[in-house]
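Residue strings, one per chain:
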Amino acid sequence: MGKRNFQVFKRIVVKVGTSSVAHATGKPNLFKIESLVRQLADLYNMGKEIILVTSGAIGTGAGKLGLPGRPRTIPEKQAAAAVGQGVLMHIYEKLFAEYGVTVGQVLLTREDFSDRKRFLNARNSLHAMLHFGVIPVINENDTVAVDEIKLGDNDNLSALVATLIDAELLVLLSDIDGLFTADPRKEKSAQLIRDVTEMTPEIEALSGGAGSKLGTGGMATKIQAARIAMHSGTVTVITNMEEKNIIRRVIEGETVGTVFWPCANKMENKKRWIAFSSSICGKIFVDEGAARVLVKQGKSLLPSGITRVEGSFDIGNTVVIAGPDGTEIARGIVSYSSEDIERIKGAQTKDIARILGHKDFDEVIHRNNLALEL
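Remember, predicted model here, so these are calculated numbers, not experimental data.

Asks: For this particular structure, what's the right way to read the sheet that holds strand β9 (residues 280–286)?
Replies: Sheets are built from strands that pair by backbone hydrogen bonding, the pairs being arranged parallel or antiparallel. Spatial ordering of the open sheet is given by β10-β9-β11-β12-β13, a layout of 5 strands whose pairing is mixed. This sheet does not close on itself; its edge strands, each paired only once, are β10 (306–310) and β13 (370–372). The mean angle between the axes of side-by-side strands here comes to 25°, regardless of whether they run parallel or antiparallel. Strands β11 (318–322), β12 (328–333) and β13 of the sheet are contacted by helix α11 (residues 269–277), whose axis makes an angle of about 115° with β12.

Structure, rendered in structure tokens:
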């Protein structure tokens, strides 16, 4: 576990939720936004590179449109987001401008992460903005996002953004002080967990995940986000937006919130993308022997160990690799289509050319294109 020496960090992603930027009415909470902007502008003046991931477009838009509550249908949400995003961005632009800081709007969907080419484009675009001294203000593109392409929440979006640009610190601002041993709103004895060094089943249970009675309200997505960041070498802090000057206090190493420390074996860029960002297009089942060499020896996947193929996919798609009992053991980018794998499964590498009439690769999935289940 490291010392909270975060002042050395240069690239920082800060995520704020809807409750941090809007009143219950849906109207923008200018007091909170102003405090956030002032803290970020100050960090910017210290020479830090800041990326802001913000929620609140749908809520703000609903307020502007005079809707009684949060819109329910996707078209209503999209209309509210279209109006709200402009309002929200205008506020950020105006407030940051008072401190002489330029901001740029970036709207992302799951497809921007799951398509490798778009992923690299987004990465280059954000790097260029930081190079020009611009603070990117990022939100999910709710105007076009439908269920299949929604990232689902901005906690995960912020972790994927941190991974995308190799941020050193991710700060998730919440309406709760951090991760507790139980829901502090229900149990007086709940203790704040100061440090998390690995994602144990106990920590997962605190997120209100499957079979848990300890749900700590909105924690599930924050823990998911922290898991992504931990494997990407990024320190994550969950803390309370209500606290005065909270971002500066986190940076200065004050013992606030919960810190999730990165894993010792940081995944390399491409493997992170395979594990967390890419869309899954199918499933390959392997026998016990293949499962063992994949997991224990980090070997490539050869056709001989494949027992079954599920789904229809092309060369270059990402698939799940499952062991004999159906449990996911890895994800990887395939060198052959599902149709071809169906024909060569169980065969020796030397027989591929005879069966298919051609052989582009010895491996169905090369180990460089393989990310083991975490």
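Asks: Would you explain the sheet that holds strand β7 (residues 235–240) in this entry?
Replies: If you trace the 8 strands from one edge of the open sheet to the other, you get β3-β4-β2-β1-β5-β7-β8-β6, paired in mixed fashion. Two strands in the sheet have a free side with no partner beyond their single neighbour: β3 (103–108) and β6 (195–196). Relative to strand β8 (residues 258–260), β7 runs antiparallel, the two being bridged by 3 bridges. In the sheet register, Val 237 faces β8, and the bridge partner there is Val 259.

Asks: Is there a simple way to think about the pairing of strand β5 (residues 169–174) in this case?
Replies: One face of the sheet, then the other: side chains in a regular strand alternate in exactly this way. Of all 6 residues making up β5, 6 are buried, and the element is well covered by its neighbours. Side-chain alternation along β5 places Leu 169, Val 171 and Leu 173 on one buried face and Leu 170, Leu 172 and Ser 174 on a second face that is also buried. Of the strand pairs in this sheet, β5 and β7 are connected by 6 bridges, and their pairing is parallel. Bridge assignment links Leu 170 to a residue of β7, and that residue is Thr 236.

Asks: Help me out: how do you make sense of the packing of helix α3 (residues 57–65) against helix α4 (residues 74–98) in this one?
Replies: Each pair of packed helices can be described by the angle between their axes along with the distance between the axes. One can describe the packing of α3 onto α4 by two numbers: an axis separation of 6 Å at closest approach and a directional angle of 95°. By the angle between their axes, α3 is roughly perpendicular relative to α4. Judged by residue contacts, Ala 57, Ile 58, Thr 60, Gly 61, Ala 62, Lys 64 and Leu 65 of α3 engage Lys 77, Ala 79, Ala 80, Ala 81, Val 83, Gly 84, Gln 85, Val 87 and Leu 88 from α4. Grouping the amino acids of the contact of α3 with α4 by side-chain chemistry returns 10 nonpolar, 4 polar and 2 charged.

Asks: I would appreciate a short explanation of the confidence of the model for the chain in the present structure.
Replies: Any residue range with low pLDDT should be treated as having predicted coordinates unsuitable for detailed reading. In this model, the chain carries an average pLDDT of 86, and 93% of its residues clear a pLDDT of 70 or more. Counted against residues more than four places away or in other chains, residues 209–217, with its pLDDT under 50, gives 21 contacts.

Asks: How do you make sense of the pairing of strand β2 (residues 49–54) when you look at a structure like this?
Replies: Of all 6 residues in β2, 6 are buried; the element is thus mostly enclosed. By the alternation rule, side chains of β2 split into Glu 49, Ile 51 and Val 53 and Ile 50, Leu 52 and Thr 54, which are all buried. In this sheet, β2 lies alongside strand β1 (residues 11–16) in parallel orientation, the contact comprising 6 bridges. By the bridge assignment, Val 16 is partnered in β2 with Thr 54. Pairing of β2 with strand β4 (residues 135–140) involves 2 bridges; the strand directions are parallel.

Asks: Please explain helix α7 (residues 154–164) as it appears in this structure.
Replies: Residue pairs spaced three or four apart in an α-helix point in one direction, given the helix's 3.6 residues per turn. Of all the 11 residues making up α7, 11 are buried; the element is thus mostly covered by neighbouring parts of the structure. Every buried residue of α7 is listed here: Asn 154, Asp 155, Asn 156, Leu 157, Ser 158, Ala 159, Leu 160, Val 161, Ala 162, Thr 163 and Leu 164. One or two residues past the end of α7 sits Asp 166, with phi positive at roughly 55°.

Asks: How should I be thinking about the environment of Pro 303 in this particular structure?
Replies: Relative to the assigned elements, Pro 303 resides in the loop between α12 (288–297) and β10. For the pair Pro 303 and Glu 76, spaced 227 residues apart in sequence, the C-alpha to C-alpha distance is 48 Å. When residues no more than four places from it in sequence are discounted, the contact partners of Pro 303 are Ile 344, Lys 345, Gly 346, Ala 347, Thr 349, Ile 352, Asp 362 and Val 364.

Asks: Just checking my understanding: could you explain the side chain of Ser 337 for this structure?
Replies: Within the secondary structure layout, Ser 337 lies in the loop between β12 and α13 (338–344). Judged by relative accessible area, Ser 337 falls into the buried class, the value being 14%. In contact with Ser 337, other than residues within four places in its own chain, are Phe 313, Asp 314 and Ile 315.

Asks: Explanation requested: the nonpolar core in the structure shown.
Replies: Buried together is how nonpolar side chains tend to be arranged in soluble globular proteins. Counting 49 residues, the largest nonpolar core has Val 13, Ile 138, Leu 179 and Phe 260 as the members making the most contacts within it. Mapped onto this core, the elements with two or more residues apiece are β2, β3, α6 (116–131), α7, β5, α8 (201–206), α9 (219–231) and α11. For this core, the element with the highest residue contribution is α9, accounting for 7 residues. In this structure, Val 37, Leu 95, Val 235 and Val 256 belong to the second largest nonpolar core, which totals 37 residues.

Asks: Honestly, the packing of aromatic side chains in this entry has me stumped. Any pointers?
Replies: Each aromatic ring pair is summarised here by two numbers: the centre-to-centre distance and the angle between the ring planes. A full pass over the atoms with the stated rule returns 4 aromatic pairs. Centroid distance Phe 6 to Trp 261: 5.9 Å. Interplanar angle 50°. Geometry classified as tilted. Highlighted residues: Phe 6 in the segment before β1 and Trp 261 in the loop between β8 and α11, separated in sequence by 255 residues. Neither Phe 6 nor Trp 261 differs from the other in exposure class; each is buried. With centroids separated by 6.5 Å and ring planes inclined at 90°, the aromatic side chains of Tyr 336 and Phe 361 adopt a geometry described as edge-to-face. Of this pair, Tyr 336 sits in the loop between β12 and α13 while Phe 361 sits in the loop between α14 (352–356) and β13, and the two are 25 residues apart along the sequence. Residue classification places Tyr 336 among the buried residues on the basis of a relative accessible area of 0%. Through pairs of rings, three or more aromatic residues link up here, namely Phe 6, Phe 9 and Trp 261. Positioned over the ring face of Phe 285 is Arg 308, at 3.9 Å from the centre of the ring.

About the criteria used
- Starting from 1, residues in each chain are numbered consecutively following that chain's sequence as written.
- Residue-level local features of this predicted model are given only where pLDDT is at least 70; pairs of side-chain atoms are given and counted only at 80 or more, and the full residue set underlies all totals for whole chains, interfaces and linings.
- Side-chain descriptors were evaluated using all non-hydrogen atoms of the structure, hydrogens and water having been removed beforehand.
- Pairing between two strands requires that DSSP report at least two bridges joining them.
- Secondary structure counts use DSSP, requiring at least four H or I residues in a row for a helix and at least two E residues in a row for a strand, with both numbered from the N terminus.
- Under this scheme, a helix contributes an axis fitted over its contacting stretch, all axes are lines through C-alpha atoms, and angles between N-to-C directions fall in the 0 to 180 degree range.
- A contact between two residues is defined here by any heavy atoms of the two lying within 4.5 Å.
- With a 1.4 Å probe rolled over the protein chains alone, any residue whose accessible area is under 20% of its type maximum counts as buried; one over 50% counts as exposed, and the rest are partly exposed.
- Any angle that falls under 35 degrees is termed roughly parallel, while one over 145 is termed roughly antiparallel, one within 65 to 115 roughly perpendicular, and all others oblique.
- Just so you know the grouping, Ala, Val, Leu, Ile, Met, Phe, Trp, Tyr, Cys and Pro go in nonpolar, Asp, Glu, Lys and Arg go in charged, and all remaining residues, Gly too, go in polar.
- Residue-level confidence of the predictor, termed pLDDT, takes values from 0 up to 100.
- Residues enter a nonpolar core if they are buried and are Ala, Val, Leu, Ile, Met, Phe, Trp, Tyr or Cys, with the set joined through side-chain atoms within 4.5 Å.
- The aromatic pairing rule takes the rings of Phe, Tyr and Trp, using the six-membered ring of Trp, and pairs them if the centres are within 6.5 Å, calling planes under 30 degrees apart stacked, those over 60 edge-to-face and the rest tilted.
- In this analysis the charged atom, NZ for Lys or CZ for Arg, is taken to sit over a ring once it is within 6 Å of the ring centre and within 35 degrees of the ring normal.

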